[in-house]
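# Observations on chain architecture
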Amino acid sequence: MMNPYVEWFENLRAEYGEQLKQMPLPEGLPEHLRDLMAKGDDEAVLFMLKLAWQLGAQAGFSAGYQQSGAEMPPKKSTNAQA
């Protein structure tokens, strides 16, 4: 049985791979990622993936709200009070 994530990822790669090949990344990022992988720094690579996933989820959530015409929910305060 195939991992559902692998199947989903391969479908995305097939559909959007050519478009994304044209998308530039920040200067130095591909080299930095190659260095991390060569060092076996899985923790840093996974952190980068989690960060990208989180930012993408937030952008998708926001876009969904904008398309629906609903108001964005209020942001939770991060200010700590003594």
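Residues numbered from 1 in each chain as written. Predicted model: local features only at pLDDT ≥ 70, side-chain atom pairs only at ≥ 80, totals over all residues. Heavy atoms only, no water.

## Brief notes about the overall build of the chain
Counting secondary structure elements, the chain contains three helices and zero strands. Going residue by residue from the N terminus, the α and β elements of the chain occur as α-α-α. Across the 82 residues that make up the chain, the buried fraction comes to 4%. (Helix = DSSP H or I, 4+ residues; strand = E, 2+ residues; numbered from the N terminus. Buried < 20%, exposed > 50% of the residue type's maximum accessible area, 1.4 Å probe, protein only.)

## Some points on the packing of aromatic side chains
Taken as a whole and judged by the stated rule, the model has four aromatic pairs. Centroid distance Y5 to W53: 6.5 Å. Interplanar angle 55°. Geometry classified as tilted. Here Y5 is found in helix α1 (residues 4-21), whereas its partner W53 is found in helix α3 (residues 42-68), with 48 residues between them in sequence. Overall, the relative accessible area of 43% leaves Y5 in the partly exposed class. (Phe/Tyr/Trp six-rings, centres within 6.5 Å; stacked < 30°, edge-to-face > 60°.)

## Section: the packing of helix α2 (residues 29-39) against α3
Two elements in contact, α2 and α3, have axes separated by 8 Å at closest approach and are oriented at 140°. Put simply, α2 runs oblique to α3. In the packing of α2 onto α3, the handedness of the crossing is left-handed. The segment α2 lies against α3, with L29, L33, L36 and M37 engaging A44, V45 and M48. Each residue belonging to the contact of α2 with α3 can be placed in one class, and the counts come to seven nonpolar, no polar and no charged. (Axes fitted to C-alpha atoms, helices over the stretch in contact; angles between N-to-C directions. Parallel < 35°, antiparallel > 145°, perpendicular 65-115°, else oblique. Left-handed = near helix turned anticlockwise from the far one by under 90°. Contact = heavy atoms within 4.5 Å. Nonpolar A, V, L, I, M, F, W, Y, C, P; charged D, E, K, R; others polar.)

## A closer look at α1
For α1, built from 18 residues, the straight-helix expectation of 26 Å at 1.5 Å per residue is met to within 8% by its first-to-last C-alpha distance of 24 Å. The sharpest bend along α1 comes to roughly 55°, located at E15. N-capping of α1 is provided by N3, with a side-chain oxygen placed 2.7 Å from the backbone N of Y5. (Expected span 1.5 Å × (residues − 1). Bend = angle between axes of the 7 residues up to and from the residue. Polar contact = N/O pair within 3.5 Å; in protein donor to acceptor, adjacent residues only side chain to side chain.)

## Some remarks on the pattern of salt bridges
The full count for this structure, using the stated rule, is one salt bridge. Here E18 makes a salt bridge to K21, at a shortest N to O gap of 3.3 Å. Note that E18 and K21 are positioned in helix α1 at a spacing of three residues, about one turn of the helix. (Salt bridge = Lys/Arg side-chain N within 4 Å of Asp/Glu carboxyl O.)

## Topic: a nonpolar patch on the surface
Taken together, M2, Y5, V6, W8, F9, L12, Y16, L20, M23, L25 and W53 make up a surface patch of nonpolar side chains, about 1100 Å² in accessible area. By residue number, the principal contributor to the nonpolar patch is α1, which donates seven residues. Mapped onto the elements, M2 comes out in the segment before α1. (Patch = residues over 30% accessible without salt bridge, like charges linked within 9 Å, V, L, I, M, F, W, Y side chains within 5 Å. Areas by Shrake-Rupley, 256 points an atom, 1.4 Å probe, with all protein chains shown as cover.)

## Examining the confidence of the model for the chain
Scored by pLDDT, the chain has a mean of 87; 83% of the residues are at 70 or more. The spread of mean pLDDT over the elements of the chain runs between α3, the lowest at 88, and α2, the highest at 97. (pLDDT = per-residue confidence, 0-100.)

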